[in-house]
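Chains, contacts and geometry: an overview
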Amino acid sequence: MPRSKKFRRARLIVIVLAVLLIAGLGGGGYWAVHTVRSSFPDVTGTVRVAGMSKPVDVKRDANGIPQLYADTSEDLFRAQGYVQAQDRFWEMDVRRHITAGRLSEMFGSGQVETDAFLRTMGWRQVAQQEYDTVLAPDTKKYLQAYTDGVNAWLSEHPGGAGASLEYALLGTVNGDYEPEKWNPVDSVAWLKAMAWNLSGNLQEEIDRSLLAQNFPQDEIDQLYPEYPYERNGTIVKGGTVANGRYKPAGDAAGTAAATAQGRATTQALLKGIADNMAAMPQLLGPQGQGIGSNSWVVSGSHTTTGKPLLANDPHLGPGLPSVWYQMGLHCRTVGAACGYDTAGFTFAGTPGVVIGHNQHISWGFTNLGADVTDLYLEKVTGPDTYLRDGKEVKFETRKEVIKVAGGPDRTITVRTTANGPLISDQSSEQQNVGTYAPAGNAAPDRASGYGVALQWTALTPGTTMDAVFELDAAADWEGFRKAAADFAVPAQNLIYADTEGNIGYQAPGVIPVRAKGDGRYPAPGWDSAYDWEPKPIAFAALPYAYNPEAGYIVTANQAVVDKSYPYSLTTDWEYGTRAKEITDQIEGKLKNGGKISPDDMQAMQLDNTSVMAKTLVPLLLKVKISDPYVREAQDLLKDWNYHQDADSAAAAYYNGVWRALLTLAFGQKLPASLRAEGDCLLVRQKRDSTLPDDALNGTPQAVTECGTREPSQAQPDGGDRWMEVVRTQLATPNSPWWDYIDSDHLPQHGLNNLLAQAMKSARQDLTAYLGKSISTWSWGRLHTLTLKESTLGSDDSSIASGFVHRLLNRGPYRLSGGSAAVNAAGWTAAAGYQVDWVPSMRMVVDLSDFDASHWINVGGASGHAFHTNYNDQTELWAEGRLLPWSYSADAVTKNTRNTMTLTAG
């Protein structure tokens, strides 16, 4: 019988009191401590695990990072499943409900819209197809072994009893919930979530379409300037494609294949899709501009160790638990029976190591940013049909039943076109279409509007899971490239180093070839000429580099190739600010025969220089400010070294000026669908407005128009692209972009006036945030990170009130860095100064001695709130410090604090 609401509420109060005792008093009696700590895993002794053929040792260091030692590959991955479930099963359970569109089963009706959007895309169905039809037999064998390990742990916690504090909290509102057994497809499906998070320019495609309602094409192009090839360079230098194969050396040849395409948009429809994307579960983090990474590798001829050094720090949305889980997977004897000796960063819920090294090679990832998603406008002619090349064709349809905790089931119909699922249907059986869509003279009659379909490479079964195991076992460049060939989604920049002294780069991934159009705007789905070609760019034609003459390779989401490359990878590269800064530092170290040390690699990761400030500050200092109150703040910029240190008052003021500049020049002009919620402007309506004219002077009526976008997704966000926009517009002091409305609602003109107003506004803004005395100002007081518990939900229907979240969240931490700095602690200028994305981990791998390598994670190994290892790495991470990374058996044993043995059940 379901427990009463009164009983559940009483139990929630009891649990919260227990949490308070532990968090606030550090004890409080056996009962309270036991309530929270009973779920902490046993990390010593012997445990029987069903299916284990031989014992596996699990050695954990002081940070709770496990190193596993086994005699067979299957035992190794079986043990990985068991150990990850010990530390992170709640997180794993929530993740699989996200990817399957089943959050409502856990958290109730507030998640129905999200579930419907995810079900429409069909992540789980595609993952099932991958498992059934394309993954290699060994991959499926290892996935099953991992699954058996998870389920062995789950059998010790039937119904989730005692599994974690979160299950106890969930029981207060959904007492009937019991976690299902793990399934191999649960592991495969999480790769879809990561692919979504790094899926290229989908947000930019939507934003350009929304801008098209207010701006002509030339002005939109000014807000998306061309990549600065000459200034910031590319990853691969030169190279040609001949007979379908890429050649790193030789003269560049060929021309870009992009074709101009007319605008095709519908504001109401695309705004709804953007809202759905912004509402995706917090665990996935923000999507779009700024979400990138840094990685670089330096040849041994340029290092103090005589062997390559490799650094990597992927930028992702922060939260607790961390998206990464550090781990070592070691075969006691590497051979046919057991083929792995690897360590690095894993995903809880997925076997293998994603980023790290083995005994021969090391590898890292950054987001390539390839355009692998396209939106298609679809002419829907009826409930079952749509227009295709002048003929009505039927949708492929399927019914999806969304089970809702505490409420009735919800049934939706998913309709799929030749161009992918109709995501504009969203969560309703009735099509949610736009009311208008200017799509050119060839467009069919719109009737009630167009639907929007999503074409995405991740919705076709792929072999990325194969690639993970292949990377973990690769012994050389050939093995690495073979693994890269199977890495389908997300398309990444892969860097490489090996113990023989070689370095390399490979662009992998399924990247479409468009027969017509360039992917910048939604394409007309009724015209098959805009379809993708049947085959993507061949792997053999994708760019790579091996032991380049420069002796180093830098990838930081800049352009991979120049315009001579014959295929279109994307038109929306990051603009190369971080890449050039890293390159300049490397070249500076190498000048006059210098060498780069492991400490140098770490220091480069912490570089927080504002490159844009080097251009903008001299202009700000030339502006004559008569108000001493503002001039006092302006003087902070004199002799500033452009470093965005947490204790810098100048960095705080500069970033306040940068934010105000963006608001005045661009934020005031953007449509409400791109501006942040609560950003309200007085807007004068056009003459043809239906609102009455002002009775006194006959001018159009002014109305207040407020932004509608989730703040973390709002524009202008102030990232790399906006720096390039401002840089290009600075050459035109009288550009219309420098027109603005002042605080008295009067129009003003010119760059100089705008800079003066931005400094005044920033002085007022920072006074409100930090106080009147600039002696107390610091960037870190503004630029803070709060690690939010990311699995309990955040809306009114979640199981966690704001009070519970405050108990489980950690921070705020005062951070150095900035959006386009190498130390990319990103913030959204349209929303405030709070940090939205971070270097989610950092590693520096020393190929001369793996035990001399270092790593750090945001958060910690444990997913159990209040566990010692729940958040023990964050302070070190915020300070820019790294932990020693033990790899050899001797080093691991020396640093082991706890040992557990898993034996045959």
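Please refer to the structure higher up on the page.
Turning next to unusual backbone geometry. Residue Leu320 is joined to Pro321 through a cis peptide bond whose omega torsion reads -5°. Here Pro321 shows up in the loop between strand E7 (309–316) and strand E8 (325–331). For the peptide bond that leads from Val489 to Pro490, omega is -5°, which places it in the cis range. In this structure, Pro490 sits in the loop between helix H15 (477–486) and strand E19 (492–498). Positive phi is not limited to glycine here, since Asn547 has a value of about 50°. Assignment of secondary structure puts Asn547 in the loop between strand E22 (544–546) and strand E23 (552–555). With phi around 60°, Asn592 is a residue other than glycine that occupies positive phi space. Assignment of secondary structure puts Asn592 in the loop between helix H16 (577–590) and helix H17 (598–605).

On to H16, then. Compared with an ideal rise of 1.5 Å per residue, which puts 14 residues at 20 Å, H16 spans 20 Å between its outermost C-alpha atoms and is within 8% of the ideal. Two residues or fewer after H16 comes Asn592, characterised by a positive phi angle close to 60°.

A full pass over the atoms with the stated rule returns two disulfides. Cys331 shares a disulfide with Cys338; S-S distance 2.0 Å. Where Cys331 bonds to Cys338 through sulfur, the torsion about that S-S bond is close to -75°, and the disulfide is left-handed. Here Cys680 is linked by a disulfide to Cys706, with a sulfur-sulfur distance of 1.9 Å. Disulfide Cys680-Cys706: the torsion about the S-S bond is 105°, which places it as right-handed. Of this pair, Cys680 sits in strand E24 (residues 680–684) while Cys706 sits in strand E25 (residues 702–706), and the two are 26 residues apart along the sequence. Owing to a relative accessible area of 38%, Cys680 belongs among the partly exposed residues under this scheme.

Let's shift gears to the packing of aromatic side chains. We describe a pair of aromatic rings using the distance from one ring centre to the other and the angle between the two ring planes. Scanning all chains against the criterion turns up 45 aromatic pairs. Centroid distance Trp90 to Tyr167: 4.8 Å. Interplanar angle 90°. Geometry classified as edge-to-face. With Trp90 in helix H3 (residues 73–99) and Tyr167 in helix H8 (residues 165–171), the pair connects residues that are 77 residues apart, well separated along the chain. Relative to Tyr544, the ring of Trp477 has its centre 6.3 Å away and its plane inclined at 45°; by these criteria the two rings are tilted.

Sheet architecture is open: three strands sit in the order E15-E16-E17, paired in antiparallel fashion. Whereas interior strands pair on both sides, the edge strands pair on one side only; in this sheet they are strand E15 (396–402) and strand E17 (420–421). Where helix H5 (residues 112–121) meets the sheet, its contacts fall on E15, strand E16 (410–417) and E17, and the angle it forms with E15 comes to roughly 145°.

The rules behind the values
- Residues numbered from 1 in each chain as written.
- Predicted model: local features only at pLDDT ≥ 70, side-chain atom pairs only at ≥ 80, totals over all residues.
- Heavy atoms only, no water.
- Helix = DSSP H or I, 4+ residues; strand = E, 2+ residues; numbered from the N terminus.
- Expected span 1.5 Å × (residues − 1).
- Disulfide = S-S within 2.5 Å.
- Buried < 20%, exposed > 50% of the residue type's maximum accessible area, 1.4 Å probe, protein only.
- Phe/Tyr/Trp six-rings, centres within 6.5 Å; stacked < 30°, edge-to-face > 60°.
- Pairing = 2+ DSSP bridges.
- Contact = heavy atoms within 4.5 Å.
- Axes fitted to C-alpha atoms, helices over the stretch in contact; angles between N-to-C directions.

Interpretation note: all reported values are geometric properties and have no functional meaning in isolation.
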